[in-house]
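So the chains spell out like this:
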4 protein chains.
Amino acid sequence: ADVQSGVDRRHIAIDRVGIKDIRHPVRVSDRSGGEQHTVATFNMYVYLPHNFKGTHMSRFVAILNSHEREISVNSFKEMLTDMAQRLESKAGHIEMRFPFFVNKKAPVSGVESLLDYDVTFIGEIHNQHPTMAMKVVVPVTSLCPCSKEISAYGAHNQRSHVTVQVRTSDFVWIEEIIDLVEAQASCELFGLLKRPDEKYVTEHAYDNPKFVEDTVRDVAQCLNDDPRILSYIVESENFESIHNHSAYALIERDKTQTPHSST
Amino acid sequence: ADVQSGVDRRHIAIDRVGIKDIRHPVRVSDRSGGEQHTVATFNMYVYLPHNFKGTHMSRFVAILNSHEREISVNSFKEMLTDMAQRLESKAGHIEMRFPFFVNKKAPVSGVESLLDYDVTFIGEIHNQHPTMAMKVVVPVTSLCPCSKEISAYGAHNQRSHVTVQVRTSDFVWIEEIIDLVEAQASCELFGLLKRPDEKYVTEHAYDNPKFVEDTVRDVAQCLNDDPRILSYIVESENFESIHNHSAYALIERDKTQTPHSST
Amino acid sequence: ADVQSGVDRRHIAIDRVGIKDIRHPVRVSDRSGGEQHTVATFNMYVYLPHNFKGTHMSRFVAILNSHEREISVNSFKEMLTDMAQRLESKAGHIEMRFPFFVNKKAPVSGVESLLDYDVTFIGEIHNQHPTMAMKVVVPVTSLCPCSKEISAYGAHNQRSHVTVQVRTSDFVWIEEIIDLVEAQASCELFGLLKRPDEKYVTEHAYDNPKFVEDTVRDVAQCLNDDPRILSYIVESENFESIHNHSAYALIERDKTQTPHSST
Amino acid sequence: ADVQSGVDRRHIAIDRVGIKDIRHPVRVSDRSGGEQHTVATFNMYVYLPHNFKGTHMSRFVAILNSHEREISVNSFKEMLTDMAQRLESKAGHIEMRFPFFVNKKAPVSGVESLLDYDVTFIGEIHNQHPTMAMKVVVPVTSLCPCSKEISAYGAHNQRSHVTVQVRTSDFVWIEEIIDLVEAQASCELFGLLKRPDEKYVTEHAYDNPKFVEDTVRDVAQCLNDDPRILSYIVESENFESIHNHSAYALIERDKTQTPHSST
């Protein structure tokens, strides 16, 4: 009577089957030494061989609820192995997306405030071999070099999302990716700015104009230079202030596979 | 056996009952004399007296499909009356939200391109008396006066959404509301800009800095001055380029109810 | 040089001005005696009299960051008063929207798992008098009575969102609103269900068919009967499994204003 | 002074650069012989070699506005070639996502109504060689076989999105993909259903229970059997009526690359 455990005769394996968009509390370690509490949305999938009729959906939810109330990065890794075992699958995939906060100091006044970033941990397991990737969406200011050059005064600028996804050979803090991206943007964002800070960020952005192409290339260059980064995808989406559409660029590179092509 | 037509004994009337988020093709007249084809999302509700167990959900969909394939503004008005009659209700409400396109000329080169706006028609009927309101979301550039004043050069700017909802005594084109808002913004948006146009919009925004407070007040002033406007809500949301949050302001006024208060 | 503090000559007051969509960590008390950590999205607005040119946007963010890292319900209330004072306004409004988790036991097996709900606290202050409202979105199963009655077997059912917004005279737990709604639905939802639980929820929903009209009325009746509830809005949106649109109903009532009308 | 045309010395090519989320009116041919007007959201990207500083963003928008007001499938194909030429790139990518309507007859009464589907055309061009793919999101009913088997009566069911992306050797109508998917679902959806139709769809879904695994496999089998389909991705997301999360499955296959593996 266990419908899912029957034999399937369609001879078609399923690449991914599981649960999607389930929320759960998590806690994540800070570079500052603390731990922050946040809420994640999980996707959990396994590979299903052609001869099994179905997977056991409830086991995914059971795994999610079998750790402490708040899932930590350590339990995330255990969940990958646990899932592959309990679902008897050779391959599995877990995504955990959550807002992450960094306490930032305004550039001149030093007043502190939190800024939020969207972070996703992506775990894969193949034949008991787990790998981890991390994706961080860093909101920044971008200021257009062309607009600056051709205009007698001013330059259009806007909020942009720079998204970096990395696979690494070693531990990398979320904050390291954030720092790396913010250093390459026209200017970084802050929650709280006093007047001298606002003067600073305005002038700083004007002094550092970047096309969407510049942003992704400058971030890519930093990722090329960091030996811990094995592969990456860098995207920038500029929510143009003079148009009702975005400017967009993407660079993808797997350092383990390809020599650095300059074509 | 008609479950919905039974008598209800809970003695509770329902303010709105009907269907939500159903898409249908529509056509809308241009001020330019043409008609444009677009796609709308409809919400259709009626009042249900306490003694009726349920409404007839399929009749709402039937009304939507009983006109020509593309619903026009004229059929929209007929639908209001039709709905109140066929659902035997003293009150009804229909919303129709659609993207609307305006062919704009770039300010210097004159090159043409379309820009998209989100428009909602809102029809209400009470005791056979229909009224119509219109809501238009106008994306614009806003440039911060404070940032301009305190900085040696540059000024942060960003895309903003100015939303105007109006009830009118007379016919008003969608394009009239768009023009009114765009004239009050730091600068209007365009799909296509050549280099001299980009210079123009950059400098024009710099020459017309506006706080979110200025934008809603200047738009409100124009709406105060137009005798066809009976009531309005003006909102502006600035997607700040230096923060990861929005600045927001709202003014609401019903000219038919209240004297112009200056408190 | 303080641009925002200048005098404004347009003679137009602004109903709401402030910041929108800013995220911040919060903690919320459980009925179970614990405290849960979650992440909220805040909107914070004040009234601006006609003679002031602008508000001080940075003060809103400063207020948000001036409490402990995690904002509690107590700090939320203080923030309302604080905001009205520091922004020198007679009226203010704060919304705080967050995912909230309840540990539920499956109906037969008793296995435990978390379920997530969207909750919004809405604080208003007028002339130093603060009031609070709470909005809870409760996802449930709804099963169609008509489909059950006319079909030889089966009945279409679907996920629905029942949204309840209340103003109360006394303290009410979030969980009390959740319990109240879940008791009126065809069936409540669970994260984790074993086979006997799945049998139970399937049959329980079939035994408790409800139109969208029934759900809002039955919830309204419970809210009518609770003397702590001063006013409410109840909505239900059924994401119909046989259509590509929703069925929707809404009841609004202010017990302090109107006698219970049975028209 | 043409900033974008300068030489770039970072030696990093950009995989995709262009514009994102721009809306434009389109028209699409029906299998019924007509043409329907709708509105699309476009993404347009090209490859940028390492030695070019930037692309010309305005040319993308110019291409979009250089055809008749409504872009047709024929102009879509021309746009691909045109874009690669005008942006002087060896590779390009255009996506065009739009709501598409099919006039359906209810299964018993035969009453007609429109149903909406989300469709995306994806064009790629590499060294002047264009290829096209099509993605269709088909909303359907899914009914759980396990719930049916273990329950004395009833079975939970819900709306699901079945998404099929195909590359084909020959012309395939959007409606062919829709028909193929709807034939494999527990039941297809309709805008308008009368009582005998509602009885029919309720019983039909109950007679055709499908796990998310069954749906993707049965659709995959049909795509395997159609010689015009070169490669495909099939996904199903069931918005579970008994949970607050989705069940999900995906099968991907490139017939031109791999033998049909039955592992």
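Residues numbered from 1 in each chain as written. Chains lettered and ligands numbered in written order. Predicted model: local features only at pLDDT ≥ 70, side-chain atom pairs only at ≥ 80, totals over all residues. Heavy atoms only, no water.

In this section: the interface of chain D and chain A. Buried accessible area, meaning the area lost when the parts come together, often serves as the stated size of an interface. Listed by partner, the interface residues are 55 residues for chain D and 55 residues for chain A. Taken over both partners, the interface formed by chain D and chain A buries close to 4,400 Å², and the fraction arising from carbon and sulfur atoms is 54%. Linking chain D with chain A are 10 salt bridges, by the criterion used here. Between A:Lys20 and D:Glu237 there is a salt bridge, and its shortest N-O distance comes to 3.3 Å. Taken together, the links from chain D to chain A amount to 32 residue pairs in polar contact (both at pLDDT 80 or more). Counted by class, the side of chain D that touches chain A contains 26 nonpolar, 15 polar and 14 charged residues. Looking at chain direction, strand 9 (residues 246-254) of chain A and strand 1 (residues 14-29) of chain D are connected through five bridges and run antiparallel. Considered in strand 1 of chain D, the bridge of A:Tyr248 is made with D:Gly18. (Contact = heavy atoms within 4.5 Å. Buried area = accessible area lost by both parts, 1.4 Å probe. Salt bridge = Lys/Arg side-chain N within 4 Å of Asp/Glu carboxyl O. Polar contact = N/O pair within 3.5 Å; in protein donor to acceptor, adjacent residues only side chain to side chain. Nonpolar A, V, L, I, M, F, W, Y, C, P; charged D, E, K, R; others polar. Pairing = 2+ DSSP bridges. Helix = DSSP H or I, 4+ residues; strand = E, 2+ residues; numbered from the N terminus.)

This part is about unusual backbone geometry. Negative phi is the rule for most residues except glycine; trans is the rule for most peptide bonds. Residue and element names in this part refer to chain D. One non-glycine residue, Asp-21, adopts positive backbone phi at about 60 degrees. With respect to the helices and strands, Asp-21 occurs in strand 1. Given a relative accessible area of 33%, Asp-21 falls into the partly exposed group. (Buried < 20%, exposed > 50% of the residue type's maximum accessible area, 1.4 Å probe, protein only.)

Attention shifts here to the relation of the copies chain D and chain A. The two chain copies are related to each other by a rotation about an axis together with a translation along it. Overlaying chain D with chain A gives an RMSD of 0.0 Å, the required rotation being 180 degrees about an axis along which the chain moves by 0.0 Å. What we have between these two chains is a two-fold relation. For chain D, the minimum C-alpha distance to the rotation axis belongs to D:Gln257 and amounts to 10 Å. Looking at the interface residues of chain D, 100% of them are also at the interface in chain A, so both copies use one shared face. (Least-squares fit on C-alpha atoms with pLDDT ≥ 70 in both.)

Our focus in this paragraph is the relation of the copies chain C and chain B. Overlaying chain C with chain B gives an RMSD of 0.0 Å, the required rotation being 180 degrees about an axis along which the chain moves by 0.0 Å. Interface overlap between copies is the fraction of interface residues in one copy that are interface residues in the other; for chain C against chain B it reaches 100%, indicating a shared surface.

Another point: the pattern of salt bridges. All chains considered together, the criterion is met by 73 salt bridges over all chains. Measuring nitrogen to oxygen at the nearest pair gives 3.4 Å for the salt bridge that ties A:Asp118 to C:Arg23. Placement of A:Asp118 in strand 4 (residues 112-126) and of C:Arg23 in strand 1 (residues 14-29) is noted, with the two residues assigned to different chains. We classify A:Asp118 as partly exposed; its relative accessible area is 30%.

Attention now goes to helix 1 (residues 57-64) of chain D. All of the buried residues in helix 1 of chain D are D:Phe60, D:Val61, D:Ala62, D:Ile63 and D:Leu64. For helix 1 of chain D, the secondary structure elements touched by its buried residues are strand 1, strand 2 (35-48) and helix 2 (73-86) of chain D.

Taken together, the contact between chain C and chain B spans 55 residues of the former and 55 residues of the latter. Summed over both sides, the interface of chain C with chain B buries roughly 4,400 Å², with 54% coming from carbon and sulfur. Here chain C and chain B share 10 salt bridges between them. Two residues, B:Arg217 and C:Asp8, come together in a salt bridge whose shortest N-O distance is 3.3 Å. Seen at the junction of chain C and chain B, the total is 32 residue pairs in polar contact (both at pLDDT 80 or more). Contributions of two or more residues to the side of chain C that touches chain B are made by strand 1, strand 2 (35-48), helix 1 (57-64), helix 3 (145-150), helix 6 (212-225) and strand 9 (246-254) of chain C. Across the side of chain C that touches chain B, the residue classes tally to 26 nonpolar, 15 polar and 14 charged.

A few words on the environment of C:Arg10. Relative to the helices and strands, C:Arg10 resides in the segment before strand 1. The residues touching C:Arg10, leaving out its near neighbours within four places in the chain, are B:Asp214, B:Arg217, B:Asp218, B:Gln221 and C:Lys53. Within the local environment of C:Arg10, its side chain forms a polar contact with the side chain of B:Asp214, the two groups lying 2.7 Å apart.

Before going further, it helps to spend a moment on the pairing of strand 9 of chain A. Residues and elements named next belong to chain A. Among the nine residues that make up strand 9, seven are buried, leaving the element largely enclosed by the rest of the structure. By the bridge criterion, eight bridges tie strand 8 (residues 229-238) to strand 9 in an arrangement that is antiparallel. Note on strand 9: the bridge partner recorded for Glu-237 is Tyr-248.

Membership of the largest hydrophobic core comes to 144 residues, with the highest contact counts inside it found for B:Phe42 and C:Phe42. Core analysis: the next-biggest nonpolar cluster, separate from the first, contains 133 residues, A:Val234, D:Ile19, D:Leu87 and D:Val119 among them. (Core = buried A, V, L, I, M, F, W, Y, C linked by side-chain atoms within 4.5 Å.)

Here the distance between the centres and the angle between the planes together describe a pair of aromatic rings. Evaluated as defined, the whole model comprises 20 aromatic pairs over all chains. Look at B:Tyr45 and C:Tyr248: their rings are 4.9 Å apart centre to centre, the planes differ by 35 degrees, and that puts the pair in the tilted class. One end of the pair, B:Tyr45, is in strand 2 (residues 35-48); the other, C:Tyr248, is in strand 9, on a second chain. B:Tyr45 sits in the buried class, given a relative accessible area of 3%. A residue is classified by how much of its surface remains accessible, and C:Tyr248, at 7% relative accessible area, is buried. Ring geometry for B:Phe98 against B:Phe121: centres 5.2 Å apart, planes inclined by 70 degrees, an arrangement best described as edge-to-face. Linking B:Phe98 in strand 3 (residues 91-105) with B:Phe121 in strand 4 (residues 112-126), this pair joins segments that are 23 residues apart in sequence. (Phe/Tyr/Trp six-rings, centres within 6.5 Å; stacked < 30°, edge-to-face > 60°.)

We now examine the side chain of D:Asp8. Here D:Asp8 lies in the segment before strand 1. Its relative accessible area of 6% is what places D:Asp8 among the buried residues. Side-chain polar atoms of D:Asp8 contact the side chain of A:Arg217, separated by 3.4 Å. In this structure the side chain of D:Asp8 is engaged in a polar contact, spanning 2.4 Å, whose partner is the side chain of D:Arg10.

Before going further, it helps to examine the packing of helix 4 (residues 174-184) of chain C against helix 6 of chain C. Residues and elements named next belong to chain C. At a minimum axis distance of 9 Å, the contact between helix 4 and helix 6 shows a crossing angle of 135 degrees. Regarding the angle of helix 4 to helix 6, the classification is oblique. Here helix 4 runs over helix 6; the crossing is right-handed. For the pair helix 4 and helix 6, the contacting residues are Leu-180, Val-181 and Gln-184 in the first and Asp-218, Val-219, Cys-222 and Leu-223 in the second. When its residues are assigned to classes, the contact of helix 4 with helix 6 shows five nonpolar, one polar and one charged. (Axes fitted to C-alpha atoms, helices over the stretch in contact; angles between N-to-C directions. Parallel < 35°, antiparallel > 145°, perpendicular 65-115°, else oblique. Left-handed = near helix turned anticlockwise from the far one by under 90°.)

So, on to the environment of C:Tyr153. With respect to the element layout, C:Tyr153 can be found in the loop between helix 3 and strand 6 (157-168). Along the sequence, C:Tyr153 and C:Ile251 sit 98 residues apart, while their C-alpha atoms lie 32 Å from each other. Excluding residues within four positions of it along the chain, C:Tyr153 makes contact with D:Thr202, D:Glu203, D:Tyr206 and D:Asp207. Within polar-contact distance, the side chain of C:Tyr153 engages the side chain of D:Asp207 at 2.8 Å.

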